[in-house]
Amino acid sequence: QQAGGGSLRVGRGGRQGAAPPARGVLVAGVPATAMMRMTHTTLMAGGVAEVQLKAGSLQRYIEHECTAEDVGTAMLDLNQVHAIGVFDVRTFNMDRNSDNLLVVEEEGEGRGGRSLRLVPIDHGYILPSYRHLEDV
C-alpha cells in the first residue's frame, strides 16, 4: 500500500500484482502475476541523461484463441463467469470488459468435444482507496 493513501496507485502495476493470491493458487483463473521494478534512462535536452525507476507488473502469457468479445455467451461456462464476477466484486474491479477475458479452447464436454475456459487479465483498476469511492 502507498503511505497514507489506503490503496495501491493506478497505473503503477501494484494493483496487477495484488490480483492473484499468494502461493501461486489461482482464483477465478487469474494468471500468475509478479511485481517488477526496472530503471529507464531518458536522454534530455543538452545531452543530459535522466534515470527513472519504473514499477509495473508482469503477467504470465496465456495462449488463447480470442477474447470473450468474439464468443457468444451461450458458449461460456456459467460457473467460470460467476467465479470471475465474484472475484471482480471482491476486488472492486472497475474495468472488467470482454476484451480482458481471454478465451482458451480445451478438450472437454462442450460442442465437438471442446470446451472454452475464460482467463481474466488486466487488473489495473482494482482495490480503490476507500477515500475515493465516491469517484467510482
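Because the structure is predicted, anything quoted here is derived from the model rather than measured. (Residues numbered from 1 in each chain as written. Predicted model: local features only at pLDDT ≥ 70, side-chain atom pairs only at ≥ 80, totals over all residues. Heavy atoms only, no water.)

J.: Could you give an account of the sheet that holds strand S3 (residues 66-67), with specific residues and numbers?
T.: A sheet is described by the order of its strands in space; here three strands give the open sequence S3-S4-S5, paired in antiparallel fashion. The sheet terminates laterally at S3 and strand S5 (114-120), the two strands that pair on one side only. Taken together, the two bridges between S3 and strand S4 (residues 101-107) define a ladder with antiparallel strand orientation. Residue Cys66 lies in a different strand from S4, and its bridge partner there is Val103. Here helix H2 (residues 78-90) sits on the sheet and contacts S4 and S5; the angle it forms with S5, its principal contact strand, is near 5°. (Pairing = 2+ DSSP bridges. Helix = DSSP H or I, 4+ residues; strand = E, 2+ residues; numbered from the N terminus. Contact = heavy atoms within 4.5 Å. Axes fitted to C-alpha atoms, helices over the stretch in contact; angles between N-to-C directions.)

J.: An account of the environment of Thr41 is needed here, citing residue identities and associated values.
T.: Looking at where Thr41 falls in the secondary structure, it is placed in strand S1 (residues 33-43). Among the residues examined, Thr41 registers a relative accessible area of 48% and is labelled partly exposed. When the C-alpha positions of Thr41 and Leu53 are compared, they lie 8.9 Å apart, and in sequence the two are twelve residues distant. Excluding anything up to four places from it in sequence, Thr41 contacts Ala49, Glu50 and Val51. (Buried < 20%, exposed > 50% of the residue type's maximum accessible area, 1.4 Å probe, protein only.)

J.: Lay out the environment of Leu102 with the relevant residues and their values.
T.: Its place among the elements puts Leu102 in strand S4. Since its relative accessible area comes to 8%, Leu102 is described here as buried. Sequence separation between Leu102 and Arg117 is 15 residues; the distance between their C-alpha atoms is 8.1 Å. With residues up to four places along the chain from it excluded, the contact list for Leu102 reads Ile62, His64, Cys66, Thr67, Arg117, Leu118, Val119 and Ile121.

J.: Now, about the environment of Met38: what can you tell me, with residues and values included?
T.: Note that Met38 resides in strand S1. Through-space distance from the C-alpha of Met38 to that of Gly56 is 8.6 Å; in sequence the pair is 18 residues apart. Beyond its immediate stretch of four places on either side in the chain, Met38 contacts Gln52, Leu53 and Lys54.

J.: For unusual backbone geometry, give the residues involved together with the corresponding values.
T.: Glycine aside, residues mostly have negative phi, and peptide bonds are mostly found in the trans state. Although it is not a glycine, Phe92 sits at a positive phi angle of roughly 55°. Topologically, Phe92 is positioned in the loop between H2 and S4. Residue Leu127 is not a glycine yet carries a positive backbone phi of 55°. Considering the arrangement of structural elements, one finds Leu127 in the segment after S5. With relative accessibility at 32%, the residue Leu127 sits in the partly exposed group.

Function cannot be read off these values alone, since they describe shape.
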